[in-house]
Amino acid sequence: MKWISFIKDNQQSVGILKDKQILSLRTLGFNFKDINDILTLSANEFKQLCDAISSYKGELINCESGILVAPINIPFQDVICVGLNYHEHCIEANQYEENSFVLKPEATVYFSKRVNQTSSYLSELSCHNDVTNKFDYETEVAIILKEDCRNCTKENVKEKIFGYAVINDYSARDLQVAHQQWYLGKSLDGCFAMGPYVLSRDECINIDDLKITTSVNGEIRQNSSTKYMMKSIDDIIIELSNFMTLKKGTIIATGTPSGVGMGFDPPKFLKPGDVVLSEVEQLGFIKNKII
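In short, a report on the structure. What you see is a predicted model, and the numbers here were worked out from it, not measured in a lab.

### Thoughts on the sheet that holds strand β18 (residues 275-280)
- What the five strands build is an open sheet, ordered β8-β19-β18-β15-β16; its pairing is mixed. Looking at strand neighbours, the two that pair on one side only are β8 (124-125) and β16 (219-225), the edges of this open sheet.
- Across two bridges, the pairing between β8 and strand β19 (residues 284-290) is parallel. Following the sheet pairing, Glu124 is matched in β19 by Lys289.

So this is what it looks like as structure tokens:
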């Protein structure tokens, strides 16, 4: 299922996207405003909801009569990010500025990103040129967890996943370098675009081999596949859960391939007026105009 959050008649609701129509969960008697509300359900409550969705035969809402917003508006916690998870991106990062991004393939890089509020898949997005002049894009796959996770194994890791979404982890490269850590340069307001939906884990054919692309003003910049991740999605969850409890609702951004703005010579950072299109096969697209 494609889980969405949408606004109709000035009221935000959760629904299921079916082609170009929406099944509003309000129609089924569920008063959810955000997919986070789904993630707080017990296993039995979630099963009842899915059964009600599967058996519904009534009318649907045309997409044109509602406005899709980010499926998760305010994350429960900071987003967990995986850095340098594609080999070619490691190379371009190390070439950008010596000693700023250190290649350590034997140890996965994890960091967090403050996301006070997500940006939707069609939002205009500030480049924050009052504090940065090296504003960059990173198209990625995000994982959303539906259960608390601790010491996950290969046998049970998939059942912990609610679904996947395309995200853009916008970043200020100069702030990353100046502060010698990534939290500040990753956490400017609005710099986590998400959507347009969360695809249920069991609906995704093969999360480990999906095409992932970014274009800026029609120019293809990133063109890769999740099969080139150095650490797979399952292995990311397993490793993290061996060190800490991952709470239900946790969002994990799994890293970006090569082709980000800092990887070009000279770099191609974003500027006002640019249009960034992030796409992941099966997960849809994000289209942000930079202002």
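Next comes the rest of the write-up.
### Examining helix α3 (residues 87-96)
- Of all the positions in α3, only His89, Cys90, Glu92, Ala93 and Tyr96 are classed as buried.
- The inward-facing, buried residues of α3 contact α4 (173-178).

### Here's the deal with helix α6 (residues 233-243)
- Here α6 has its buried residues at Ile233, Asp234, Ile236, Ile237, Ile238, Leu240 and Ser241.
- The secondary structure elements touched by the buried residues of α6 are β6 (79-83), β7 (109-113), β10 (139-145), β11 (161-169) and β17 (251-253).

### So, the nonpolar core
- Counting 90 residues, the largest nonpolar core has Trp3, Ile38, Tyr170 and Ile237 as its most contacted members.
- Broken down by element, the residue count for this core peaks at six residues, all from β11.

### Topic: the layout of surface pockets
- Volume-wise, the largest pocket comes out at about 210 Å³.
- Residue lining of the largest pocket: Met1, Trp3, Phe46, Cys50, Lys146, Ile161, Phe162, Ser200, Arg201, Asp202 and Glu203, and that is the complete set.
- Taken together, the residues of the lining of the largest pocket break down into six nonpolar, one polar and four charged.
- Looking at the second largest pocket, the residues that line it are Ile38, Leu39, Leu41, Ser42, Ala43, Phe46, Lys146, Glu147, Phe162 and Lys248.
- If you list the elements that add at least two residues to the lining of the second largest pocket, you get α1 (35-39) and α2 (43-55).
- Taken together, the residues of the lining of the second largest pocket break down into six nonpolar, one polar and three charged.

### A look at empty space enclosed by the protein
- What the rule picks out here adds up to one cavity of 30 Å³ or more.
- Volume-wise, the largest cavity comes out at about 100 Å³.
- Considering the residues around the largest cavity, the lining is formed by 17 residues, among which Leu84, His89, Glu138, Trp182 and Lys186 are closest to the centre.
- Looking at the lining of the largest cavity, the elements with two or more residues in it are β6, α3 and α4.
- Class assignment for the residues of the lining of the largest cavity results in seven nonpolar, five polar and five charged.

### Quick word on the environment of Lys248
- Relative to the assigned elements, Lys248 resides in the loop between α6 and β17.
- We classify Lys248 as partly exposed; its relative accessible area is 28%.
- Placed 65 residues apart in sequence, Lys248 and Tyr183 show a C-alpha to C-alpha distance of 22 Å.
- Sequence-distant contacts of Lys248, defined by excluding residues within four places in its chain, comprise Leu39, Thr40, Leu41, Phe76, Leu145, Lys146, Glu147 and Asp148.
- Within the structure, the side chain of Lys248 is placed 3.3 Å from the backbone oxygen of Leu39, a separation counted as a polar contact.

### Quick notes on the pattern of salt bridges
- Under the definition given, this model contains 16 salt bridges.
- As a salt-bridge pair, Asp51 and Lys47 come within 3.0 Å of each other at their nearest N and O atoms. Of this pair, Asp51 and Lys47 both sit in helix α2, four residues apart, roughly one helical turn.
- Judged by its relative accessible area of 39%, Asp51 falls in the partly exposed class.
- Close ionic contact of Arg114 with Asp78 constitutes a salt bridge, the shortest N to O distance being 2.7 Å. In this pair, Arg114 is assigned in the loop between β7 and β8 and Asp78 in the loop between β5 (67-69) and β6, connecting sequence segments 36 residues apart.
- The exposure class assigned to Asp78 is partly exposed, which follows from its relative accessible area of 24%.

Reading guide: rules and limits
Residues numbered from 1 in each chain as written. Predicted model: local features only at pLDDT ≥ 70, side-chain atom pairs only at ≥ 80, totals over all residues. Heavy atoms only, no water. Pairing = 2+ DSSP bridges. Helix = DSSP H or I, 4+ residues; strand = E, 2+ residues; numbered from the N terminus. Buried < 20%, exposed > 50% of the residue type's maximum accessible area, 1.4 Å probe, protein only. Contact = heavy atoms within 4.5 Å. Core = buried A, V, L, I, M, F, W, Y, C linked by side-chain atoms within 4.5 Å. 1 Å grid on protein atoms, 1.4 Å probe; cavity = no way out; pocket = protein on both sides within 12 Å on 5 of 7 lines; lining within 4 Å. Points joined across faces, edges and corners; volume = space filled by probe spheres on them. Nonpolar A, V, L, I, M, F, W, Y, C, P; charged D, E, K, R; others polar. Polar contact = N/O pair within 3.5 Å; in protein donor to acceptor, adjacent residues only side chain to side chain. Salt bridge = Lys/Arg side-chain N within 4 Å of Asp/Glu carboxyl O.

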